[in-house]
Amino acid sequence: MLGCQCLYWRNLSELPPLTDPETFSLPAPMPQWPPGQGFAAGRIRLGELEVTKISNFKLVWRYRASQDKSVSFYRPVGVPEGFHCLGHYCQYDSQPLRNFVLAAREVDSSGQEASSSKPPPALAEPIDYKLVWSSNGLAEEHSGECGYFWLPQPPEGYRPIGFVVTNRSAKPELQEVRCVRADLTDECEAHKIIVTAVSKSSGVPLFIWRTRPSDRGMWGKGVSAGTFFCRPPLASGEDLAIACLRNLDSSLHAMPNIDQIHALIRHYGPTVFFHPGEIYLPSSVSWFFKNGALLCRKAEESGSNAYPIREAIDEKGSNLPQGGTNDKQFWIDIPSDEEQRSFLKRGNLESSKLYVHVKPALGGTFTDMAFWIFCPFNGPATLKLGLVNVSFSKIGQHVGDWEHFTLRISNFSGELSSVYFSQHSGGEWVEAYDLEYISGTNKTVVYSSRYGHASFPRPGTYLQGSSKLGVGIRNDAERSDLFVDSSSRYEVVSAEYLGGAVREPPWLKYMREWGPKVVYDTRAEMERMVDRLPWRLRSSVAAVVGKIPVELSGEEGPSGPKEKNNWFGDERW
């Protein structure tokens, strides 16, 4: 099911030499952040533990998975005095060496280094190691060295956080790593397989994954230690043998204060570029309201003559219903007058801004800044069928389009870690080293797709469907003179962890739909189109049609930012 990515080579002299991964630094120097409690201080308290980020590594063993792909396993070095390693690190050599593992020390409630006699200690040495796998038989292919993977065996009441890798068969020293008291840990899960290694002598594969906390989202306490998980094939559903850390410090002292938030946005705020052919541009919410948007309420009486009650919306959205859930009784619409509708649909780039939601991520060791952009109208979709493009007149249209992207910033250093690009019903995380930046700055570039406003890291044509077959909904992204610089045109609308420091605007508390429910007979139309296609394409196109989001079919009005799953939860990761 997972597939084996490893290959064996008979003539090693013909293979290109393996090279060490490059290091990566952001394009511009880091600023001096405004003073605060613990943001960018290098260390974060998690309760009885204090952790710091280790980014210096010593190579232990390298595995060649294919002719152009290799994975290296590292031991962290330069661990500060008093701190202890929790596990080793690995990554593809094709990626810059920029990530980290955490080292930990025990502290008392005031943050001072705790006495080693305090029972029960937060950290303890393993009592033994269990050999999980070795590369026996691959030594001649890996510079004469074998790799050995060891799982620390913890004392009762403790859990291991990571594995240890050696290039010799002797067990690691017990002081190599520490295990963590179980009540200071949280569950983690395997995520994104890194590589499958196979021992040539035994033929037994080793599956190696990245890990992430199972408890994520705004209030999740799970903290990723940066270690990996590995195991040979075992029964499905088996629990992971390692854990992640847990943040028990409710103060979230490492999160940025309001002054630091503004400094971060000014330093990192992306520029959003719209397609040169974009017709449906963004606007501010207040511009949308004061230029004719209407609040609609379902009529009490039923029947074909029961028209909804409409009223103008206050510029701040003060007369919108607040809180609750989407009961389908209210929605927002634009006027029926064609001239007014056309005016509102085009948006107003001059008034537009990014609305920023700031929240804790990964147990408060990172800050997520979700940048929301509002477009009064979402244009019709274009279906790509190989070399043929089918432009729809209605499919994909809806009033009130909310899109976003999210910056993830390390609370250890204040550095940008990655950016999430939201793309209709999905999205992708892109690491900082793989982003496009405005020249001479650390401000990233975001490309908004034509008509649909999905976010992408690079220009191009992206398909929502099967890119392999060239079948799907087109998302065309390109740089133009139409853009919004979020580093200067933004509004912080929510940061729940700061209490009352950020006052949410009334419109943000509107939990109903930002557009009317419109029923087009699009499914039948598309099914007829599929029936006219060559049989080779029918199944692929039918699959694409089945995955089209409900909003894209024009059947439901879109929800606002607070109704999206990622408001309180984590982005798809």
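Read on for a plain summary of the structure. (Residues numbered from 1 in each chain as written. Predicted model: local features only at pLDDT ≥ 70, side-chain atom pairs only at ≥ 80, totals over all residues. Heavy atoms only, no water.)

### Looking at the overall build of the protein
In step 1: Within the protein, the regular secondary structure consists of five helices and 36 strands.
In step 2: On the protein, roughly 25,200 Å² of surface is accessible, and the fraction owed to carbon and sulfur atoms is 48%. (Helix = DSSP H or I, 4+ residues; strand = E, 2+ residues; numbered from the N terminus. Areas by Shrake-Rupley, 256 points an atom, 1.4 Å probe, with all protein chains shown as cover.)

### Quick notes on the side chain of threonine 166
In step 1: Looking at the element boundaries, threonine 166 is found in strand S12 (residues 164-166).
In step 2: In this structure the side chain of threonine 166 is engaged in a polar contact, spanning 2.9 Å, whose partner is the side chain of tryptophan 150.
In step 3: Apart from residues lying up to four places away in sequence, threonine 166 is in contact with Val60, Cys146, Gly147, Tyr148, Trp150 and Pro172. (Polar contact = N/O pair within 3.5 Å; in protein donor to acceptor, adjacent residues only side chain to side chain. Contact = heavy atoms within 4.5 Å.)

### A word on the packing of aromatic side chains
In step 1: Under the counting rule described, the total for this entry stands at 38 aromatic pairs.
In step 2: Plain terms: the ring middles of phenylalanine 57 and tyrosine 74 are 5.8 Å apart, the flat faces sit at 50 degrees to each other, and that makes the pair tilted. Remark: tyrosine 74 occurs in strand S4 (residues 69-76) and phenylalanine 57 occurs in strand S3 (residues 57-66); sequence separation between them is 17 residues. Take phenylalanine 57 and tyrosine 74: they sit in the same class, and that class is buried.
In step 3: Over the ring of phenylalanine 377 we find lysine 345, and its NZ or CZ is 4.5 Å from the ring centre.
In step 4: A cation over a ring is seen here: arginine 479 above phenylalanine 273, with NZ or CZ 4.4 Å from the ring centre. (Phe/Tyr/Trp six-rings, centres within 6.5 Å; stacked < 30°, edge-to-face > 60°. Buried < 20%, exposed > 50% of the residue type's maximum accessible area, 1.4 Å probe, protein only. Lys NZ or Arg CZ within 6 Å of the ring centre and 35° of its normal.)

### A short note on the nonpolar core
In step 1: Counting residues in each nonpolar core, the largest one holds 38 residues, and the members touching the most others are Met369 and Leu416.
In step 2: Among the secondary structure elements, those contributing two or more residues to this core are helix H1 (258-268), strand S20 (271-274), strand S24 (354-361), strand S25 (366-378), strand S28 (398-410), strand S29 (416-423) and strand S36 (490-494).
In step 3: The element that contributes the greatest number of residues to this core is H1, accounting for five residues.
In step 4: With residues up to four places along the chain from it excluded, the contact list for methionine 369 reads Ile261, Leu264, Ile265, Val356, His357, Val358, Phe405, Thr406, Leu407 and Ile409.
In step 5: With 28 residues, the next largest nonpolar core counts Met218, Phe289, Tyr355 and Leu508 among its residues. (Core = buried A, V, L, I, M, F, W, Y, C linked by side-chain atoms within 4.5 Å.)

### Remarks on helix H3 (residues 338-345)
In step 1: With a side-chain oxygen positioned 3.2 Å from the backbone nitrogen of glutamate 339, the residue opening H3 is aspartate 337.
In step 2: Glycine 347 sits one or two residues past H3 and shows a positive phi near 70 degrees.

### Some points on the pattern of salt bridges
In step 1: This model, assessed by the stated rule, comprises 23 salt bridges.
In step 2: Note that arginine 105 and glutamate 50 form a salt bridge whose closest N and O atoms lie 2.8 Å from each other. Placement of the pair is arginine 105 in strand S7 (residues 101-106) and glutamate 50 in strand S2 (residues 49-54), with a sequence separation of 55 residues.
In step 3: In this structure glutamate 50 comes out as buried when scored by relative accessible area, which is 9%.
In step 4: Arginine 479 is the partner of glutamate 436 in a salt bridge, and the nearest nitrogen-oxygen pair spans 2.7 Å. Of this pair, glutamate 436 sits in the loop between strand S30 (426-431) and strand S31 (445-448) while arginine 479 is found in the loop between strand S34 (471-477) and strand S35 (483-485), placing the two residues 43 residues apart along the sequence.
In step 5: One salt-bridge network, in which partners are shared between bridges, spans Glu189, Arg212, Arg216, Asp368, Arg408 and Asp570. (Salt bridge = Lys/Arg side-chain N within 4 Å of Asp/Glu carboxyl O.)

### Quick notes on the sheet that holds strand S18 (residues 228-231)
In step 1: Here we have three strands laid out as an open sheet, ordered S15-S16-S18, and antiparallel in their pairing. Two strands close off the open sheet at either side, each with one partner strand: strand S15 (188-198) and S18. Averaged over all pairs of adjacent strands, the angle between strand axes in this sheet comes to 30 degrees, irrespective of strand direction.
In step 2: Across four bridges, strand S16 (residues 205-213) lies against S18 in antiparallel orientation. Following the sheet pairing, isoleucine 208 is matched in S18 by cysteine 230. (Pairing = 2+ DSSP bridges. Axes fitted to C-alpha atoms, helices over the stretch in contact; angles between N-to-C directions.)

### Notes on the pairing of strand S10 (residues 148-153)
In step 1: Within S10, five of the six residues are buried, leaving the element largely enclosed by the surrounding structure.
In step 2: Of the pairings in the sheet, the one linking strand S9 (residues 128-134) to S10 comprises six bridges and is antiparallel in character. Paired with lysine 130 across the two strands is leucine 151, which belongs to S10.
In step 3: Relative to S12, S10 runs antiparallel, the two sharing three bridges. Residue tyrosine 148 lies in a different strand from S12, and its bridge partner there is threonine 166.

### A few points about the sheet that holds S9
In step 1: Spatial strand order, S9-S10-S12: three strands in an open sheet with antiparallel pairing. Looking along the sheet, the strands with just one partner apiece sit at the ends: S9 and S12. Across this sheet, the average inter-strand angle for adjacent strands is 35 degrees, counted without regard to direction.

### Focus: the environment of serine 224
In step 1: Following the sequence through the fold, serine 224 ends up in the loop between strand S17 (222-223) and S18.
In step 2: For the pair serine 224 and arginine 246, spaced 22 residues apart in sequence, the C-alpha to C-alpha distance is 8.7 Å.
In step 3: What serine 224 contacts, discounting residues up to four positions off in sequence, is Leu102, Thr211 and Pro213.
In step 4: Here the side chain of serine 224 touches glycine 226 through a polar contact of 3.4 Å, landing on its backbone nitrogen.

### Structural notes on H1
In step 1: Of the positions making up H1, those classed as buried are Gln260, Ile261, Ala263, Leu264, Ile265, His267 and Tyr268.
In step 2: Summarising the contacts, the buried residues of H1 are in contact with S24, S25, S28, S29 and S36.
In step 3: With a side-chain oxygen positioned 3.2 Å from the backbone nitrogen of aspartate 259, the residue opening H1 is asparagine 257.

### Focus on the pairing of S36
In step 1: With respect to burial, S36 is a largely interior element, four of its five residues being buried.
In step 2: Of the pairings in the sheet, the one linking S24 to S36 comprises four bridges and is parallel in character. The residue bridging histidine 357 from the neighbouring strand is serine 494, located in S36.

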